[in-house]
Amino acid sequence: MKHNNRRQFIQQSMASAAGLVALPEMALSASPKSPSIPITYTGATRMRFSVIGINHGHIYSMVKALLRNGGELISVYAVEPDLLAAFTKEFPQAKVARSQAEILDDKSIQLIASSAIPAERAVIGMAAMRHGKDVMVDKPGITSLEQLAEVKKVQRETKRIYSISYSERFENQATVKAGELVKAGAIGNVIQTIGLGPHRMTPKSRPEWFFDQKNYGGILCDIGSHQCDQFLYFTGSNTADVVAAQAGNVHYPQYPQFQDFGDLMLRGNGGMGYVRVDWFTPDGLSTWGDGRLTILGTDGYMELRKYVDIGGRTGGSHLFLVNQKETKHIDCSQEPLPYGGQLIDDVLNRTETAMTQAHCFLATELALKAQKKAEMIKLAK
């Protein structure tokens, strides 16, 4: 089936969120990266989960976050043979389902995880919630304000969990450690966050859908959702709005529906935020992006070099702390990652320890508002 027909189906599904069909699509050829924390869980199964849609490599860390905390992977459904082969090689315990309905109709499955094409994640999530299942989707978990309104409505009606895996916080030990330090008062009251999210483009590795904004929502919706989540979390804001935003395609005219740069300013009831995201990581860097977060407080600040320290220290998850007492570097690479276990607890206990539903939706709302509000950048050169 052609891409336009696929898009028409998704739009129709959004109207009813009933029933999903299998449609072929070019795969995202991104090699999965394992988290630094190994899967060592040996206790009894705490929760049964399945996967629908594996178009982004984030699904590997999402699945492992659940496995190492007592989740049992039951089945997987995807239409891309190459992605399915790689996934089942990594997770041979996963039964390959014949259809999405086979998974959704299995009453023993408690949660659905998905890293489908971004525009399809909300459709899958709503279907899962209407089948009595909780949801864990890759970011961006929602790609339009219209989708957000529909997902919120279904979530209220079903009382299921719709969790978006903001991996730059949940799957990075330095960010988890920073949260602990902020709560302990290490830098006083947080005033502002500055989040930088550079990524490597590598066009030849990308499928057709990657370059179409209708599929990924735009750069602020996509990468920017990470930074909006961290802004809310570290400033403690529960209300916020977008002050200014801009986005555009400044270097890839051959992909007219693609955006390679964006930034935005945020203001919340707990602090301010600045975000810059882009697709300009050069090949000379040892990893896909020099993601950084600066957290400014009344008594100090922290800088997180999440994936690489170009100053020379090996590995990732570096935290630099400066306050009234000291200046020091903290290697956070051995810190635990609690999100997967907390999410399972929430599924079992109907709590909100991993992330409140209000926070999850507000982070997405800010990214979507920024995307809609963004002034389009056009450079003369």
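Residues numbered from 1 in each chain as written. Predicted model: local features only at pLDDT ≥ 70, side-chain atom pairs only at ≥ 80, totals over all residues. Heavy atoms only, no water.

In the nomenclature of an unreviewed UniProt entry, the protein corresponds to Gfo/Idh/MocA family oxidoreductase from the organism Fibrella aquatilis.

Asks: Where do I start with the packing of helix α5 (residues 118–130) against helix α6 (residues 145–158) in this structure?
Replies: If you want to describe how two helices pack, look at the angle between their axes and the distance between the axes. Running from N to C, α5 and α6 cross one another at 15°; their axes reach a closest spacing of 10 Å. Relative to α6, α5 is oriented roughly parallel. Between α5 and α6 lies a crossing whose hand is left-handed. Contacts between α5 and α6 involve A119, A122, M126, M129 and R130 from the first element and Q147, E150, V151, V154, Q155, E157 and T158 from the second. (Axes fitted to C-alpha atoms, helices over the stretch in contact; angles between N-to-C directions. Helix = DSSP H or I, 4+ residues; strand = E, 2+ residues; numbered from the N terminus. Parallel < 35°, antiparallel > 145°, perpendicular 65-115°, else oblique. Left-handed = near helix turned anticlockwise from the far one by under 90°. Contact = heavy atoms within 4.5 Å.)

Asks: Could you clarify how one ought to interpret the packing of aromatic side chains in this entry?
Replies: Each aromatic ring pair is summarised here by two numbers: the centre-to-centre distance and the angle between the ring planes. In total, this model carries 17 aromatic pairs according to the counting rule given. Of the aromatic side chains, those joined through ring pairs into one cluster are F210, F211, Y216, Y252, Y255, F258, W279 and F280. Directly above the ring of Y233 sits R169, whose terminal nitrogen or CZ lies 4.1 Å from the centroid. Positioned above the aromatic ring of F210, the side-chain terminus of R206 is 4.5 Å from the ring centre. (Phe/Tyr/Trp six-rings, centres within 6.5 Å; stacked < 30°, edge-to-face > 60°. Lys NZ or Arg CZ within 6 Å of the ring centre and 35° of its normal.)

Asks: Please explain the nonpolar core as it appears in this structure.
Replies: One finds F87 and Y162 to be the most contacted residues of the largest nonpolar core, which totals 86 residues. At 8 residues, the largest contribution of residues to this core is made by helix α13 (residues 357–373). Ranked by size, the runner-up nonpolar core spans 16 residues in total, among them V190, F234, L321 and I330. (Core = buried A, V, L, I, M, F, W, Y, C linked by side-chain atoms within 4.5 Å. Buried < 20%, exposed > 50% of the residue type's maximum accessible area, 1.4 Å probe, protein only.)

Asks: Would you explain the sheet that holds strand β1 (residues 47–54) in this entry?
Replies: Ordered in space as β3-β2-β1-β4-β5-β6, the 6 strands form an open sheet in which the pairing is parallel. With partners counted over all chains shown, the strands left at the sheet margins are β3 (95–96) and β6 (162–165), one partner each. (Pairing = 2+ DSSP bridges.)

Asks: Would you take a moment to explain the pattern of salt bridges for this structure?
Replies: Pairs can form between side chains of opposite charge whenever their charged atoms are close. Overall, the coordinates contain 24 salt bridges when judged by the stated rule. A salt bridge links D222 to K139; its shortest N-O distance comes to 2.5 Å. Placement of D222 in helix α10 (residues 219–222) and of K139 in the loop between β5 (134–138) and α6 is noted, with a sequence separation of 83 residues between them. Each member of the pair D222 and K139 is classed as buried. Through salt bridges with shared partners, a single network forms among D290, R292, E303, R305, D309 and R313. (Salt bridge = Lys/Arg side-chain N within 4 Å of Asp/Glu carboxyl O.)

Asks: Can you walk me through the UniProt feature "domain: GFO/IDH/MocA-like oxidoreductase" (unreviewed entry) in the protein in this structure?
Replies: Within this structure's numbering, the places UniProt gives as "domain: GFO/IDH/MocA-like oxidoreductase" (unreviewed entry) are residues 177–302. When the span residues 177–302 is considered, its composition is 21% helix and 33% strand, and the gap between its end C-alpha atoms is 11 Å. (UniProt positions renumbered as here; feature names shortened; annotations may be inferred.)

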